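Breakdown of the fold
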Amino acid sequence: MSETIKTDAVIIGAGPVGLFAIFELGLLDMKAHLIDILDKPGGQCAELYPEKPIYDIPGMPEVSGQQLTDQLMEQAAPFDPTFHFNRMVTGLEKIDDKTWRVTTDENEVFEAPVVVIAAGGGSFQPKKPPIPEIDVYEQTDTSNGLGVHYAVRKMEAFKDQDILISGGGDSALDWVLNLQPIAKSMTLVHRRDVFRAAPDSVNKMRALVDEGKVNLHIGQITELVGENGQLSGAHLKPAEGDPIEINCTSFLPFFGLTMKLGPISEWGLNLNENLIEVDTEKFATDQDGIYAIGDINTYPGKLKLILSGFHEAALMAHHAFKRVHPDQKLTFQYTTSSTSLQKKLGVN
Amino acid sequence: MVKITFVESNGTEHPCEGDTGMTLMEVAIKNDIKAISADCGGACACATCHVYVRQDWQDKTGQANDLEEDMLDFAVHVKDNSRLSCQIKVTDELDGIVVDMPENQY
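Rules used throughout
- Residues numbered from 1 in each chain as written.
- Chains lettered and ligands numbered in written order.
- Predicted model: local features only at pLDDT ≥ 70, side-chain atom pairs only at ≥ 80, totals over all residues.
- Helix = DSSP H or I, 4+ residues; strand = E, 2+ residues; numbered from the N terminus.
- Rg over C-alpha atoms; globule rule 2.2 N^0.38 Å.
- Buried ≥ 20, exposed ≤ 12 C-beta atoms within 10 Å, placed from the backbone.
- Pairing = 2+ DSSP bridges.
- Right-handed = clockwise from strand over helix to strand, strands pointing away.
- Contact = placed C-beta atoms within 7 Å.
- Nonpolar A, V, L, I, M, F, W, Y, C, P; charged D, E, K, R; others polar.
- Axes fitted to C-alpha atoms, helices over the stretch in contact; angles between N-to-C directions.
- Left-handed = near helix turned anticlockwise from the far one by under 90°.

The helix and strand tally for chain B stands at three helices and five strands. Ordered by position from the N terminus, the helices and strands of chain B form the series β-β-α-β-α-α-β-β. For 106 residues, the compact-globule estimate of 2.2 N^0.38 gives 13 Å, and chain B sits close to it at 12 Å. The C-alpha extent of chain B, read off along each of the three principal axes, is 30 × 25 × 25 Å. Put simply, chain B has 106 residues, and 41% of those count as buried.

Shown next as structure tokens:
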């Protein structure tokens, strides 16, 4: 167990609404730590549609997902938030009436009076290809390269393995190029002979195919072969011709990410069709100190819009203040006229 | 109103009606068809509104463009007639179309 991190608010999810919550909490003197399963801020805006324009952010006739993320990061910067990326929150438990404990899959422990769930559609997790019994061969130990892995954490784990990679994007091609030099053999399978990865990576991969260092097959993996959970091969249905068998001890499918609610469903919160029920006065859950804002919550009339999440963040922060600073009086102030708010923003 | 039928992998049919200009995905979501997930809300960014267009309708729906083909790489159970329903616009020509849906979107 690592040292417990104590803070005012733990925000689960660093999407647009989680990022704006830093700002609203910060204006009211509450510090935040954010935890996100992605390796960067922005949530769906950054992961699903960084280049696509959004047209319904008030005051911004057109903004891309990435631009909005960058602007929110800039807006939150004066409040010095701490980000913990590549982590999933696994546990949420009550320590006493004033404190919640949040734990992650990297064994970090946070304690705070306020927890803000801004987890959108849930956590991004790798998509599994539809291969029967793939779970039999799934390997959870990241230092053991045998079996099925959806990510590469330690390259060394794949040394001297017969590696099969499936997919046509940057993840698939990057790992073909990076792992090929240390692999015993490298096979790449993709459903069509067009790769959307960076052209430079595609050229490098094609060169390795020409040199005989990478086996390239166009088709789909239909079955995995092995004994006692030890992977030894895969059946491939080529785009043309008869099925073939490929030797492999490691299989790395890269089919992008999908969103799953994950451990949130186990925290005893009131759920309605995988959404967290909140009130519309403070966006609190049925547990004191736990708030839910953005796409993850539900209430009568809820609209899954980023702008709704911003509003929810502001009301949440004004209520959360009483838990974090019970002895202080909260005065409502405007950033346009309040000297104290302007000082916090570093503009006065 | 244009008649569109979504068929689940187990054969269950969902007859729906859509307005021209909507996408097939929007018609499915409006009619609460669970087999269409549409995580990204129609941005052609998630490949979770995957459908199969039957051969006799392919001329009318057209073919997937490059971006859609790229996204189909992320879909599961991809076949030659796979499309993303967020990229198919409802037109009067599509009246009576039947599309099949994969067993799952993930």
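Attention shifts here to the pairing of strand β3 (residues 32-35) of chain A. If a strand is regular, its side chains alternate between the two faces of the sheet. Residues and elements named next belong to chain A. Both faces of β3 are covered, namely the face carrying Ala-32 and Leu-34 and the face carrying His-33 and Ile-35. In this sheet, β3 lies alongside strand β2 (residues 9-12) in parallel orientation, the contact comprising four bridges. Bridged to Ala-9 within β3 is Ala-32. A crossover connection joins β2 to the parallel β3 through helix α1 (residues 16-27); in handedness this β-α-β unit is right-handed. Of the pairings in the sheet, the one linking β3 to strand β6 (residues 82-84) comprises three bridges and is parallel in character. Among the inter-strand pairings, Leu-34 is bridged to a residue of β6, identified as Phe-83.

Here we take up the interface of chain B and chain A. Many analyses report the size of an interface as the accessible area lost when the parts associate. Taken together, the contact pairs 14 residues of chain B with 18 residues of chain A. Its residues assigned to classes, the side of chain B that touches chain A shows eight nonpolar, two polar and four charged.

Further remarks concern the sheet that holds strand β23 (residues 297-298) of chain A. Residue and element names in this part refer to chain A. Reading across the sheet, the three strands line up as β20-β21-β23 and stay open at both edges, with mixed pairing between neighbours. Either end of the sheet is taken by a strand with one partner, and the two such strands are β20 (271-272) and β23. Looking at chain direction, strand β21 (residues 275-277) and β23 are connected through two bridges and run parallel. Pairing of Ile-276 across the sheet is with Asn-297, part of β23.

The next point concerns the packing of α1 of chain A against helix α6 (residues 306-324) of chain A. All names here are of chain A. Direction vectors running N to C along α1 and α6 enclose 35 degrees, while the axes themselves pass 9 Å from each other. Both α1 and α6 take part in a crossing whose hand is right-handed. For the pair α1 and α6, contact is made by Pro-16, Val-17, Phe-20, Ala-21, Glu-24 and Leu-25 and by Ile-306, Gly-309, Phe-310, Ala-313, Ala-314, Met-316, Ala-317 and Ala-320, respectively. Within the contact of α1 with α6, the residues separate by chemical class into twelve nonpolar, one polar and one charged.

Turning to the pairing of strand β18 (residues 250-253) of chain A, a few remarks are in order. Residue and element names in this part refer to chain A. Burial along β18 is two-sided: the face carrying Ser-250 and Leu-252 and the face carrying Phe-251 and Pro-253 are both buried. Across two bridges, strand β12 (residues 147-148) lies against β18 in parallel orientation. Residue pairing for β18: Gly-147 is matched across the bridge by Ser-250. Taken together, the four bridges between strand β13 (residues 162-166) and β18 define a ladder with parallel strand orientation. Paired with Leu-164 across the two strands is Phe-251, which belongs to β18.

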